[in-house]
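Listed below are the residues making up each chain.
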Amino acid sequence: MVPGRLYTAKDMAKIGCNGCNGCSYCCQEMGESVILTPFDICELTWNLGKSFDELMEDKIELYMTDGMALPNLKMTGEKEAYGFREVCGFLNEEGRCSIHAFRPGLCRLFPLGRNYEIKQMETEDGGQEVKGFRYFIVEDSCPKLNGTKVKIEKWLEIPNLKKNEEFITKWHYFCKDFREEMQGLLDAGEDEKVKKINLAMLELFYRKPYEKERGFYEEFEERMGRFQG
Ligand code: SF4
Ligand code: SF4
């Protein structure tokens, strides 16, 4: 997909939709597309008081693409109230998100997408690559866009957004490298090895609870160092 205009979190974008009033379109029939990061799972486990395994009972599921298994929100139901469409397990009978305050990052983002980019920065000793992303509006995604401008950081409502954006970037490139490596192993017929590495990755970043006292980001960095070390 070729994004149109790119935005930073400080920019205004035409993403107003009357507070989603009466709409839950992006909570329905999403298949496996609402992929969850370790931060999302951490937020869900802390706020719901449930473990990763308990969430796996009915709210999330694992899906493998390109050799990497990641959790996503599970569409459950075919609920009568929604015309027998499959809806997210966190959507309540009133058509509202029951976990709005700690909803996953992709739910906050919609109808925005992220365009990842690597910039070359001049430094005294040559140059340095800086990884990051900017936002774009995904065309024809939200049917209720009304042309009202909203500041993106306000739309996202993510505390400590800068830190979160750094995490999202790091996680994106980790997943990219991981998939490439797993794909190479799959091509070499090393299916069992791929399974083992995926289980270790899921255990370290998702299943093992994060300590609330330390906060997510510090512990994530430590785990990333351990995985790559
Ligand atoms: S499709 Fe748009 S208006 Fe509807 S719930 Fe999603 S973001 Fe809100
Ligand atoms: S978590 Fe909330 S916002 Fe996200 S898909 Fe489910 S009901 Fe919708």
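Before reading on, note that the structure itself is shown above.
Residues numbered from 1 in each chain as written. Chains lettered and ligands numbered in written order. Predicted model: local features only at pLDDT ≥ 70, side-chain atom pairs only at ≥ 80, totals over all residues.

What follows covers the site of ligand 2. Every residue lining ligand 2 is accounted for by Cys27, Val34, Leu73, Cys88, Phe90, Leu91, Cys97, Ile99, Arg103, Pro104 and Cys107. By residue class, the composition of the shell around ligand 2 is 10 nonpolar, no polar and one charged. (Near = placed C-beta within 6 Å. Nonpolar A, V, L, I, M, F, W, Y, C, P; charged D, E, K, R; others polar.)

Take the pairing of strand E7 (residues 126-137) next. Bridging between strand E6 (residues 112-123) and E7 involves 12 bridges; their strand directions are antiparallel. For Ile118, the partnering residue across the bridge sits in E7 and is Lys131. (Pairing = 2+ DSSP bridges. Helix = DSSP H or I, 4+ residues; strand = E, 2+ residues; numbered from the N terminus.)

What follows covers the packing of helix H6 (residues 191-207) against helix H7 (residues 216-228). One can describe the packing of H6 onto H7 by two numbers: an axis separation of 10 Å at closest approach and a directional angle of 165°. Judged by the inter-axis angle, H6 sits roughly antiparallel to H7. Handedness of the H6/H7 crossing: right-handed. Of H7, the residues touching H6 (which contributes Met201, Leu204 and Phe205) are Arg223, Arg226 and Phe227. A breakdown of the residues in the contact of H6 with H7 according to their chemical character gives four nonpolar, no polar and two charged. (Axes fitted to C-alpha atoms, helices over the stretch in contact; angles between N-to-C directions. Parallel < 35°, antiparallel > 145°, perpendicular 65-115°, else oblique. Left-handed = near helix turned anticlockwise from the far one by under 90°. Contact = placed C-beta atoms within 7 Å.)

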